[in-house]
Amino acid sequence: MTSNALRPSSPTSDLTSDAAGRRLVDEVARNRIRRGRRRRTVMIVLAAAVAAVFLVSLMVGQTFYSPLDVWHVLLGEQVPGASFTVGRLRLPRATLAIAAGLCFGLGGVTFQTMLRNPLASPDIIGISAGASAAAAFAIVTLSLDDAEVSAFAIVAGLVVALVVYGLSYRGGVAGTRLILIGIGVAAMLESLTTWVLSGAAQWDLQEATRWLTGSLNGASWPQVIPVLIALAVLGPVLLSRSRDLSTTQLGDDTAAALGVRVNVTRLVVIVTAVGLISFATAAAGPIAFVAFLSGPIAARLVGPGGSLLIPSALVGALLVLVADFAGQYAFGSRFPVGVVTGVLGAPYLIWLIIRSNRSGGSL
Amino acid sequence: MTEQHTLVVERLVLGYGDRVVIDGLDLVIPTGRITAIVGANACGKSTLLRSMSRLLTPRGGSVLLDGKQIHKMPPKQLAQTLGLLPQSPIAPEGITVSDLVGRGRHPHQGIFSRWSTDDDAAVAAALEATGILDLAERSVDELSGGQRQRVWIAMALAQQTDLLLLDEPTTFLDVNHQVEVLDLLTDLNRARGTTVVMVLHDLNLAARYADNLVAIADGAVHAAGPAAEVLTEDCVRAVFGLDSRVIVDPTSGAPLMLPIGKHHVQA
């Protein structure tokens, strides 16, 4: 580095009082606005893509319905054939795809940001697996209804989060230790799910795939509504902590010195993220790797700096919608959504592990 | 000149687990001056600095800013008056310099409030003061250690606090950049009247740059005051357990400590 002469006069100079200073301030503002513009553009494009795929997945299927038919169904009018196929089958399914995708995208990126590691996603560290095992147990063994299943799943998600955090606590939480313990806990919970499914008398293959990899088959409104409520209640709470969460990326001490209540932020953020993940999992199962993939994809799209919450939520919604659509129609036989996202996510996981072994890596 | 704030430490007790690190420490930070805290490894100097910026809750005693206990103040309000640059802050991957410096505005912003002209002006002033205007749109990852340290100091400047605490701001820097950082902090102190408190490793640089030198030993202040009074051969022996000679630095007139080890000593 060249030894820049420091400017002893500058700390006192009021920059807005002279033309050169004003130009400088303008430049800083212009650069800031440019950074924000890319983020906004990406979010608008993503939202438009979600809307487009949503519409297409309502139109396309074994029978094709025109946008006009779909529009009439959405308005609640009776259209022969379409009212049932679109209104009762495709609409709840596509809505659940978006709602679960938003939940997974938000929950995933929250954990990845907070623990400063892309591997620290709830579907890697056992939280989704816990919610899934609990939901499977509640439905298959206890035969509870949808609201009770959600409650069961969220409690299990929180307990798993607490257990993983507690087991990895040694005078502070190190990201790597937490991730490794989480992977172990996840493996245990996944075998628990298999056990629950095999123990039940009436288990069928559809139910099994839902709790093992995630599936939107047979989605109905009673399943979808709790997820929508969770989004409406927990989403804004999480978003209100967005700036604090970004600041904690600078390290706990730096964030605290900047006036962030680090522990309160962490608590609020963990509870809301686990809640979102658990509600979505109770309805759609642990759709493989969506939480894990959304944040890093969003980060590539919007570039460094700024909160990733909303971009990642939109990426999550798009991933689930597209993967479910592809799983139904792109291949010879029908695959549940989790199989498709699993195929997408696994190579990325391998690449990430290779890369982080080389460099210590972060999000 | 900035407002006159007072920072006072009273009978402070700090510790981790079973271990008490600071035990009944009293200290008055002179307003508008540069204070350097020195001491042996693990003597609690960083612990003291963290507690002085609310990061560590005291077991006993208190840290008073303008007579009020900082551990009971709202964190954002405190962060508008008192800033801290910790020892190893983390730069998010790929973040640009001006974005990172802008993070220093956090205590001045509400949850959903928009970025104001004040914020832009603070960032511009911080970039200019630290001489990193030409790096503003570069990624922090690409910078050298010396440049990066300036970026972090710029972030702390953008916070626009009247008191600035720094935990070893010169570690990992070569001697040229150490002097640059200390000159920058001195500029800031002289031009704005910012009260600077820093933990320093290098005793001789501390003696040269500090108006007030604080030597910590056994969990308490061993000596505090102008370097010429504090940095003596007896003090070095008591604080570091080291024999030394202290002479007058011909460059600055400050005391200069020459360690006397086992080898390479002329009779």
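Values in this document were obtained by computation on a predicted structure and should not be read as measured data.

Parameters at a glance
- Residues numbered from 1 in each chain as written.
- Chains lettered and ligands numbered in written order.
- Predicted model: local features only at pLDDT ≥ 70, side-chain atom pairs only at ≥ 80, totals over all residues.
- Heavy atoms only, no water.
- Helix = DSSP H or I, 4+ residues; strand = E, 2+ residues; numbered from the N terminus.
- Rg over C-alpha atoms; globule rule 2.2 N^0.38 Å.
- Buried < 20%, exposed > 50% of the residue type's maximum accessible area, 1.4 Å probe, protein only.
- Contact = heavy atoms within 4.5 Å.
- Pairing = 2+ DSSP bridges.
- Right-handed = clockwise from strand over helix to strand, strands pointing away.
- Expected span 1.5 Å × (residues − 1).
- Salt bridge = Lys/Arg side-chain N within 4 Å of Asp/Glu carboxyl O.
- Axes fitted to C-alpha atoms, helices over the stretch in contact; angles between N-to-C directions.
- Parallel < 35°, antiparallel > 145°, perpendicular 65-115°, else oblique.
- Left-handed = near helix turned anticlockwise from the far one by under 90°.
- Nonpolar A, V, L, I, M, F, W, Y, C, P; charged D, E, K, R; others polar.
- Core = buried A, V, L, I, M, F, W, Y, C linked by side-chain atoms within 4.5 Å.
- Buried area = accessible area lost by both parts, 1.4 Å probe.
- Polar contact = N/O pair within 3.5 Å; in protein donor to acceptor, adjacent residues only side chain to side chain.

S.K.: Go over the overall build of chain B, please, and point to the residues and values.
M.R.: When you go through chain B residue by residue, the secondary structure sums to nine helices and 12 strands. Taking 267 residues into account, the globule formula puts the C-alpha radius of gyration at 18 Å, and chain B, at 19 Å, falls close to it. Taking the principal axes of its C-alpha atoms as reference, chain B extends roughly 65 × 40 × 35 Å. Each of the 267 residues in chain B was classed as buried or not, and the buried ones make up 57%. Residue pairs at least 24 apart in sequence account for 63% of intrachain contacts in chain B once pairs closer than 6 positions are excluded.

S.K.: Describe the environment of Leu238 of chain A, listing the residues and the values that go with them.
M.R.: Tracing the chain through its elements places Leu238 of chain A in helix α8 (residues 221–240). Contacts of Leu238 of chain A, omitting those with residues within four sequence positions, involve Leu106, Thr110, Val269, Thr272, Leu276 and Leu309 of chain A.

S.K.: Quick one: what's the story with the environment of Leu165 of chain B, residue by residue and with numbers?
M.R.: As for its placement among the helices and strands, Leu165 of chain B is situated in strand β7 (residues 163–167). With residues near it in sequence (within four places) discarded, Leu165 of chain B still touches Leu49, Met52, Ser53, Leu82, Gly83, Leu84, Leu85 and Val197 of chain B.

S.K.: How would you explain the pairing of strand β8 (residues 195–199) of chain B if you had to name every residue and give the values?
M.R.: Residues and elements named next belong to chain B. Among the five residues in β8, five count as buried, and that is most of the element. In the sheet, strand β3 (residues 34–39) pairs with β8 via four bridges, with the strands oriented parallel. Bridge pairing links Ile37 to Val199 in β8. Pairing analysis gives five bridges linking β7 to β8, with the strands arranged parallel. Its bridge partner being in β8, Leu164 is matched across the sheet by Val196. In this fold, β7 hands off to helix α6 (residues 175–192), which returns the chain to β8; that crossover is right-handed.

S.K.: Before we move on, could you go through helix α12 (residues 290–302) of chain A and cite the residues and values that matter?
M.R.: Helical geometry: 3.6 residues make up each α-helical turn, so side chains three or four residues apart lie on a common side. All names here are of chain A. For α12, with 13 residues, the first-to-last C-alpha span of 18 Å sits near the 18 Å given by 1.5 Å per residue. With respect to burial, α12 is a largely interior element, 10 of its 13 residues being buried. Those residues of α12 that fall on the buried side of the exposure criterion are Val290, Ala291, Phe292, Leu293, Ser294, Gly295, Pro296, Ala298, Ala299 and Val302. Downstream of α12 by one or two residues, Gly303 has phi in the positive range, about 80°.

S.K.: How would you summarise the pattern of salt bridges if you had to cite specific residues and measurements?
M.R.: The tally for this structure, following the rule as stated, stands at 17 salt bridges over all chains. Of the charged contacts in the structure, one is a salt bridge between Arg103 of chain B and Asp99 of chain B, with a shortest N-O distance of 3.7 Å. For the residue pair Arg103 of chain B and Asp99 of chain B, the accessibility class agrees, reading buried in each case. Of the charged contacts in the structure, one is a salt bridge between Glu142 of chain B and Arg138 of chain B, with a shortest N-O distance of 2.9 Å. Classification of Arg138 of chain B as partly exposed rests on a relative accessible area of 34%. Through salt bridges with shared partners, a single ionic network connects Arg34 and Arg35 of chain A together with Asp99, Arg103 and Glu137 of chain B.

S.K.: Please give an account of the packing of helix α1 (residues 19–59) of chain A against helix α13 (residues 309–329) of chain A that cites residues and values.
M.R.: Think of two packed helices as two axes; the pair is described by the angle between the axes and how far apart they sit. Residue and element names in this part refer to chain A. Two elements in contact, α1 and α13, have axes whose closest approach is 9 Å; the angle formed by their N-to-C orientations is 25°. The pairing of α1 with α13 is recorded here as roughly parallel in orientation. As α1 runs across α13, the sense of the crossing is left-handed. On α13, the residues touching Arg39, Met43, Leu46, Ala47, Ala49, Val50, Val53, Phe54, Val56 and Ser57 of α1 are Ile310, Pro311, Leu314, Val315, Ala317, Leu318, Leu321, Val322 and Phe325. Tallied by class, residues from the contact of α1 with α13 come to 17 nonpolar, one polar and one charged.

S.K.: Any chance you could break down the environment of Leu119 of chain A for me, citing the residues and the numbers?
M.R.: All names here are of chain A. When you line up the elements, Leu119 lands in the loop between α3 (82–114) and α4 (127–141). Leu119 gets classed as buried once you look at its relative accessible area, which sits at 13%. Separated by 38 residues in sequence, Leu119 and Gly157 have C-alpha atoms that sit 18 Å apart.

S.K.: Which residues make up the sheet that holds strand β5 (residues 68–69) of chain B, and what values do they have?
M.R.: All names here are of chain B. Spatially, β2-β1-β4-β5 is the arrangement adopted by the four strands of the open sheet, whose pairing is antiparallel. Every other strand in the sheet has two partners, leaving β2 (19–29) and β5 as the edge strands with one partner each. Examined bridge by bridge, strand β1 (residues 7–16) and strand β4 (residues 60–65) share five bridges and lie antiparallel to one another. Counted as the bridge partner of Leu7 is Leu65 from β4. Sheet strands touched by helix α1 (residues 45–52): β1, β2 and β4. Its angle to β1, the strand with the most contacts, is close to 120°.

S.K.: Before we move on, could you go through the nonpolar core and cite the residues and values that matter?
M.R.: Taken as a class, soluble globular proteins show a tendency for nonpolar side chains to be buried jointly. One finds Phe111 and Phe292 of chain A to be the most contacted residues of the largest nonpolar core, which totals 88 residues. Among the elements that line this core, the one with the most residues is α3 of chain A, at 15 residues. Setting aside its immediate chain neighbours within four residues, Phe111 of chain A contacts Arg116, Ala120, Pro122, Ile125, Ile127, Ile270, Ala273 and Val274 of chain A. If you look at the next biggest cluster of nonpolar residues, it comprises 60 residues, including Leu143, Ala156, Leu185 and Met257 of chain B.

S.K.: Hey, could you go over the interface of chain A and chain B for me, with residue numbers and the actual values?
M.R.: Counting from both sides, the interface comprises 43 residues of chain A and, opposite them, 58 residues of chain B. Across the chain A to chain B interface the summed buried area is about 4,300 Å²; carbon plus sulfur atoms make up 59%. Scanning the region where chain A abuts chain B turns up five salt bridges. Linking Arg50 of chain B and Asp253 of chain A is a salt bridge whose minimum nitrogen-to-oxygen distance equals 2.8 Å. Seen at the junction of chain A and chain B, the total is 11 residue pairs in polar contact (both at pLDDT 80 or more). Broken down by element, the residue count for the side of chain A that touches chain B peaks at eight residues, all from α1 of chain A. Partitioning the side of chain A that touches chain B into residue classes produces 17 nonpolar, 16 polar and 10 charged.

S.K.: Describe the packing of α3 of chain A against α8 of chain A, and please don't skip the residues or the numbers.
M.R.: Residues and elements named next belong to chain A. Two elements in contact, α3 and α8, have axes whose closest approach is 9 Å; the angle formed by their N-to-C orientations is 30°. Relative to α8, the element α3 lies roughly parallel. Relative to α8, α3 is oriented so that their crossing is left-handed. Across the interface between the two elements, Gly87, Leu91, Pro92, Thr95, Leu96, Ala99, Ala100, Leu102, Cys103, Leu106 and Thr110 from α3 touch Trp221, Val224, Val227, Leu228, Leu231 and Leu238 from α8. Here the contact of α3 with α8 is built from residues that sort into 14 nonpolar, three polar and no charged.

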